[in-house]
Amino acid sequence: MTIADLLQKVLRSLAKRVASTQQTEPADAHETDHEEEDDDEEVYDEHFDADLDIAILTNKSDIDIRTLQRDFNEVVAAGYRPGLIRLGAEEIVLSVSIPVISLASDIEPRALMAWDSRMLSESHHLTLVISGMRNIYPVLQSDGTFVPNIAARGIQNLQFRVGLTSRYKPDKDLVLTLIRNYGLQAKDEELQPQLPPPPSHDYYLDGEEDESDEVPSFPEAGPQPEENDHPKFHFSLSTSLESLLHDRFLQAVQLRLKYKIGWAAAELLISRADQVQQRPEAIIHDLRRELLQADEQERELASSYNLPTDHILEREVTDHLNLPLLAFSYLLRRFTLCPRYCLVCYNRLNANFEALKPYVCDSKLCTYQYYSLNRGPSLEYEICARPETVDLLVSLAYCAAAEKVLDPLPMGMGLSVPHPSDPTKPLQEFDQLTKDEMCKSITDLLNTLHPIRDMKRFLEKNNKAGRAKKRLTDMDPNILPAAWLLLRWCVASCTAHLEELQSPEDRIPNIDSQWRQFRFSVGSPDAEAKFRTALQQAQTQNLNARRYPSLYAFHGSPTSNWHSIIRHGLWFKTVANGRAYGNGVYFAKEGQTSMSGYARGTAHRWRNTELGVGPCVAVAEIVNLPEQFVSQNPFFVVQHTDWIVCRYLLVSATRSDEYYGEEAQPMDIDVPSVDLDPLHPLTLHQKRVSIPEPTYRLQRLLDARRVEYNEEEPDEEDANVFYGIDPHTSSQVNSNTAPAPEPSIPDVVPDNWKHDPEWLASCLPHLLPPPTDASPMATMAVQRELRAMLKEQESAKSLETLGWYMPPDLIGDNLFQWIVEVHSFEPELPIAQDMKRVGVNSLVFEITFPPAFPHSPPFFRILKPRFLPFIHGGGGHVTGGGSMCMDLLTADGWLPSYSIPAIILQIKLAISNLDPRPARLASQWNQPYSMHEAIEGFKRAAATHGWRVPQGLELLGRRGYQN
């Protein structure tokens, strides 16, 4: 068959399809052309055409709305925000997100800023988008494999996209763009990204809103992107995390379920199987010991990393797999631990130092892919946002290469360079050169680059919306590709965080202006946690450390060493100035000692530097236990590197105000300073130096993000899921009739459930006395929850669908004590049949909020009816005292982000659960529970499961005894 014949058959087949569906075409199908264009490119269900052996698309839906509803509730209970995006009637896309400001409580804010400065410079959500389900949900079976009808629709894998969004879910247009571009690697996409409006040099912003209408711009910059342009979704780690999810996630889930192993062991098993080109099943028995060690090592990380809950460990063997919850938890785990894993091969790094920023392993293949495929930070963004830092990094690399001490070297990048001694010869493979030749080649290539200021202006000039963005390599065709790759290496290989301090609030006062000051963070993301632990231990050992837990000191080193120091941190592998006072990192309390004696400058400077880098000195914070140092006079010699945290890097440089801004003005606000130990004062020229409180500006930034954050209500699509309304069928409109008007929402929609005032009144005499010691913060939090409850109840299509009812006449007696009826259980459930038999139409709950709410969980207990206890054959996660046996209501499982409506739905699902036994009413069902029973039952359940009881429960119990 010729191509022309095939096309004719395709056209005939499509014509038949169009003819057969015209009768059901909506009358307004041509109202909006752009909607038709969107539909043309959406993902559809497919079946094979018998004549052509090609896929013909259909729109069959196979969504279990109750399963989706349950999964959404579990996602909310875990502290995340789920979202549903419908693409017409043919595809659903799921999203899960968490505000980045919430991540800052589990991941060091300095690490988040180092990984990508946009993380906290604006309000964002870390968002996972899952697509490719072709209108099927759930898509996974209990063993982690796809459900049987997946193959019929051509699904081989799911699609995962990871990025930053301003809302809790991405809008439909952005989702369509992400799906269309999935798997398409635009050439030089990361090398030449859409440049956002350049941020301020100082990312630790005050948080005040700019009242000006002007958009900040740089000199010679063109117009900013139009307002309707999509904000940049991807960030520096997106590509690596998306590839990881696509390549490893589902296989790791299947291996975990099959062999009862953890995430770390499953990843190691997959990696080893790939290396030996065998199936994991064939090698697992030989790796048992290593797999156990991998999981044990990850458990040990819990002492310094806050890893997300492992939901696979919490499920029963036959439980359904919550795909969005598992995928997002896995994403958060790897995001939290990203500096410990290679960005390309995903394997655990075995370096002898821990980096702050994620990087690649020592495999040449990974190095090549990292730079050639542009993984990691955007070079253009760094040039536009932090030109002075880029200049510093290039200058330090140049100096180290010129003095032939460059370490590490840019190996494995596939660089083709001119011969160092004879440029007329053909290009040479860089990795085949001697070390001296490599260093010579690096200095020669760097000298061909233009000043960073010129690169910045080139990138920003005529940067009009809709116009193809210029690539950095277009700046000068005479510059070899190896030089551009080398520039990228100088920036991307820096695993520390460097940021020039422009604001006087950040700078160390009384330091001469020739010393440019940079915020300097190096070491693993958990280095701060380890340092704080060391401080706490010091306070228990020494009375002076209890008052002054840390001290500050200077560290000087030759300029040629700093390329290595900012990547490895301060250690004592190399002897630079002798070790007359023992092995360790040397520090001086007098700044002049380091600046003039040990911080030797260099005669080698990068030709086009604007900075003019000279001597460099670090200012570090050290645990105040000098008696345990190797030496404390005349220098501090510190042998424990986890007792050291770098705070500042001072660079003696030639200032260029035209490039780097005007001279800093004196402070007009009072910035708190560190309370320094008078026994070990920090001095410069024999004058005492004060240190600004290192957390001050960062805390202001975090406070600004918290003020900006506003918990957004679920949109209509997501509300439908929470109400159990099918997102597919509810959106269908009969093509032969006009669209039905929106139904009005009456004050109370009785449906098949009606409130029974007499039944409720019989429960009220058994209420707990209301609390009287609430805090203002708790009052505001409870008021917010009450508004959300009432709004959800008022907007519900029906009370039966809602599943709970909050009697309006009982609202206001006491804000901290609620009465909620849970009702409308599935009629086939034993508990529903029991309730019908005895004439009870609801479970009456008392919800009591503690004074520490929302940081402590509310207490849920049933007033009536009484349940059959578990020891007598009952179930439903109800304790023998009528309280709820649920982890999320304990001190271990509670999160302040939980909402009361979501918890009520979780409780209803738990009572409906038939495993291990269904909930049943007791024969004395009309006997109310007492508070004493509820408290004791809750404590017994917590002790059985190893959960911590919330603070204040005993006080609650004493009030119950008095009652």
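Preceding block: the structure.
Per chain, residues are indexed from 1 in the order of the written sequence. Where local features are concerned, this predicted model is filtered to residues with pLDDT of at least 70; where side-chain atom pairs are given and counted, the filter is 80 or more; whole-chain, interface and lining totals use all residues. Note that the side-chain values use all heavy atoms of the structure and ignore hydrogens as well as water.

Trainee: A description of the nonpolar core should follow, citing residues and the corresponding values.
Mentor: Nonpolar core, defined: a set of buried Ala, Val, Leu, Ile, Met, Phe, Trp, Tyr and Cys residues in which side-chain atoms within 4.5 Å join the residues together. Buried, partly exposed and exposed residues are distinguished by accessible area as a fraction of the type maximum, computed with a 1.4 Å probe on protein chains only: under 20%, between the cut-offs, and over 50%, respectively. Of all hydrophobic cores here, the largest spans 130 residues; its most connected members are L112, F249, F335 and L487. A run of H or I in DSSP becomes a helix once it reaches four residues, and a run of E becomes a strand once it reaches two; helices and strands are each numbered from the N terminus. It is helix α8 (residues 238-259) that contributes the most residues to this core, 10 residues altogether. Contact definition: two residues touch when any of their heavy atoms are within 4.5 Å. Not counting residues up to four positions away in its chain, the partners in contact with F249 are F160, L244, W263, L323, L326, A327 and Y330.

Trainee: I'd like to hear about the side chain of R516, residue by residue, with values.
Mentor: Here R516 shows up in strand β12 (residues 515-521). A relative accessible area of 0% means that R516 is categorised as buried. In protein, a polar contact requires one atom able to donate a hydrogen and another able to accept it; more generally it is a pair of N or O atoms within 3.5 Å, and residues adjacent in sequence count only if both atoms are side-chain atoms. A polar contact of 2.6 Å, which involves the side chain of R516, links it to the side chain of E500.

Trainee: Describe in detail the sheet that holds strand β4 (residues 81-87), supporting the description with residues and values.
Mentor: Taken in spatial order, the 4 strands of this open sheet run β4-β5-β6-β8, and their pairing is antiparallel. Each of the sheet's edge strands pairs with one partner strand only, and the pair in question is β4 and β8 (159-165). Adjacent strand axes in the sheet meet at a mean angle of 25° when their direction is disregarded. Here strand β6 (residues 125-131) pairs with β8 via 7 bridges, running antiparallel. In short, DSSP must find at least two bridges between two strands for them to pair. The axes used here are C-alpha line fits, helices contributing only the stretch in contact, and every angle between their N-to-C directions lies in the interval 0 to 180 degrees.

Trainee: Residue-level account of helix α14 (residues 364-372), with values.
Mentor: Each α-helix turn comprises 3.6 residues. Residues three or four places apart therefore point the same way. Residues of α14 that are buried: C366, T367, Y370 and Y371. Angular distribution of buried residues about the axis of α14 spans 120°; they occupy a single face of the element. Here the buried face of α14 lies against α19 (481-492). Among the residues of α14, the N-terminal cap falls to S363, whose side-chain oxygen and the backbone nitrogen of L365 are separated by 3.3 Å. What the arc measures is the spread of directions leading from the helix axis to the C-beta atoms.

Trainee: Residues and numbers for the sheet that holds strand β20 (residues 804-805), please.
Mentor: Read across the sheet, 4 strands follow the order β20-β21-β22-β23 without closing on themselves; strand pairing throughout is antiparallel. Only two strands of the sheet have a single neighbouring strand rather than two, namely β20 and β23 (859-864). Pairing of strand β21 (residues 817-822) with strand β22 (residues 843-848), which is carried by 6 bridges, proceeds in the antiparallel orientation. Bridge pairing links V822 to L843 in β22.

Trainee: Just give me the short version of the state of the cysteines, but keep the residues and values in it.
Mentor: A pair of cysteine sulfur atoms is labelled a disulfide when the two atoms are within 2.5 Å. With the rule as written, the count across this model stands at 0 disulfides. Not engaged in a disulfide, the cysteine C616 finds its nearest cysteine sulfur in C399; these two sulfurs lie 8.4 Å apart. For C616, a relative accessible area of 0% corresponds to the buried category.

Trainee: Explain the pairing of β21 residue by residue, including any values.
Mentor: The buried fraction of β21 amounts to 6 of the 6 residues, a majority that puts the element mostly inside the structure. Neither face of β21 is left uncovered, since the one carrying Q817, I819 and E821 and the one carrying W818, V820 and V822 both have all their residues buried. Inspection of the sheet shows β20 paired to β21 by 2 bridges, in the antiparallel sense. What sits directly across from Y805, in β21, is E821.

Trainee: So what about the environment of D173? Which residues, and what values?
Mentor: Checked against the element boundaries, D173 lands in helix α7 (residues 172-180). Residue classification places D173 among the partly exposed positions, given a relative accessible area of 44%. C-alpha of D173 to C-alpha of L87: the two residues are 86 residues apart in sequence and 9.7 Å apart in space.

Trainee: Give me the lowdown on the environment of W804, citing residues and values where you can.
Mentor: Tracing the chain through its elements places W804 in strand β20. Linking W804 and V820, residues 16 residues apart in sequence, is a C-alpha distance of 6.8 Å. Those residues in contact with W804 that sit more than four places away from it in its chain are M789, E792, Q793, L799, V820, E821, V822, H823, P901 and I904.

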